[in-house]
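Understanding the architecture of this molecule
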Amino acid sequence: MIVAPSLLSADFSKLGEEIKKVEPYADWIHLDIMDGHFVPNITIGAIVVKSIRKVTILPFDVHLMVSEPEKHYMDFVKAGADIITVHAEATHSLYRLIKEIKKHCKVGVALNPATPLSMIENVVDEIDLLLIMTVEPGFGGQKFIESMVEKVKKARKMMNGYISVDGGINAKNVKTVKKAGVDVVVAGSYIFKSKNYKKAIESLRV
Ligand code: DX5
Ligand code: ZN
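Moving on, we get to the sheet that holds strand S2 (residues 29-34). Spatial ordering of the open sheet is given by S1-S8-S7-S6-S5-S4-S3-S2, a layout of 8 strands whose pairing is parallel. On the outer flanks of this sheet lie strand S1 (2-5) and S2, each paired with one strand and no other. Here the strands of the sheet are splayed against their neighbours by 25° on average, with no regard to which way each runs. Two elements, strand S4 (residues 83-87) and strand S5 (residues 106-111), share 5 bridges in a ladder whose sense is parallel. Residue Thr85 lies in a different strand from S5, and its bridge partner there is Gly108.

Right, here's the structure in full:
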């Protein structure tokens, strides 16, 4: 299992130190970009991503929870993103956007819990990663939506690239999602609200 700690639940007054603490055990760093429009919360922008880029060589998995991602993705390419994931619900030109992002880095598409897999059925062969939201996006620390396990199983039959799940992941449900076909788990509060980051990350490596 690829483990991607989400900085959303880290201490934002010392992001560099938080990254350093997870770096020896993590595979990717997951960055949640929220605009207060696509989701109700506002987090960080490309300026912060660029400044923490200097801290680690781990891949930056940038999750854009923003409206009109076509207007913003390039800032994150320039800031050093390795994977840029956009929400299928946030754009009217998903195919074009995927093609554009692919010119610069790896590309992912995210689906909210209520969004059916049919949204990406015609682009699955174009993407590197499918991110299945296992909570409604916007906040850390929410409860994993069990019915998303079936969605993962269906998605696994549709695509060969990475399947990632994001929201409410912990040591209890990681085995279930692994069995369903998940390659990458994103975990925020489970890691950053724990006393021992190393132990928390290792418990997700099933
Ligand atoms: C939620 C974000 C997640 C969030 C997950 O909208 O996309 O990446 O950090 O947090 P936990 O693991 O606490 O559910
Ligand atoms: Zn995320």
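Positive phi, close to 50°, is recorded for Glu68, a residue that is not glycine. Judged by its relative accessible area of 38%, Glu68 is partly exposed.

Below, the discussion takes up the nonpolar core. Ranked by size, the top nonpolar core spans 64 residues in total, and within it Leu31, Ile84, Val185 and Ile191 carry the most contacts. If near-sequence neighbours (up to four positions away) are discounted, Ile191 is found in contact with Val3, Pro5, Val22, Tyr197, Ala200, Ile201 and Leu204.

As a further point, take the coordination of the zinc ion (ligand 2). Note on metal geometry: ideal angles are 109.5 degrees for four donors arranged tetrahedrally and 90 or 180 degrees for six donors arranged octahedrally. At this site the zinc ion (ligand 2) is bound by His30 (NE2), Asp32 (OD), His63 (ND1) and Asp166 (OD), with donor distances of 2.0 to 2.3 Å. Each of the 6 donor atoms around the zinc ion (ligand 2) contributes to a set of angles spanning 70 to 168°, which defines the coordination as octahedral. Donor residues binding the zinc ion (ligand 2) come from one chain and are separated in sequence as H-x1-D-x30-H-x102-D. We classify His30 as buried; its relative accessible area is 0%.

Here the focus is empty space enclosed by the protein. Following the criterion strictly, the structure yields 1 cavity of 30 Å³ or more and no others. Its volume calculated, the largest cavity comes out at about 40 Å³. Lining the largest cavity are Leu7, Leu8, Phe12, Leu15, Leu31, Asp32 and Ile44. Within the lining of the largest cavity, the residues separate by chemical class into 6 nonpolar, no polar and 1 charged.

The rules behind the values
- Residues numbered from 1 in each chain as written.
- Chains lettered and ligands numbered in written order.
- Predicted model: local features only at pLDDT ≥ 70, side-chain atom pairs only at ≥ 80, totals over all residues.
- Heavy atoms only, no water.
- Pairing = 2+ DSSP bridges.
- Helix = DSSP H or I, 4+ residues; strand = E, 2+ residues; numbered from the N terminus.
- Axes fitted to C-alpha atoms, helices over the stretch in contact; angles between N-to-C directions.
- Buried < 20%, exposed > 50% of the residue type's maximum accessible area, 1.4 Å probe, protein only.
- Core = buried A, V, L, I, M, F, W, Y, C linked by side-chain atoms within 4.5 Å.
- Contact = heavy atoms within 4.5 Å.
- Donors = N, O, S within 2.8 Å, 3.2 Å for Na, K, Ca; no water.
- Tetrahedral: all angles 85-135°; square planar, octahedral: opposite > 155°, others 65-115°.
- 1 Å grid on protein atoms, 1.4 Å probe; cavity = no way out; pocket = protein on both sides within 12 Å on 5 of 7 lines; lining within 4 Å.
- Points joined across faces, edges and corners; volume = space filled by probe spheres on them.
- Nonpolar A, V, L, I, M, F, W, Y, C, P; charged D, E, K, R; others polar.

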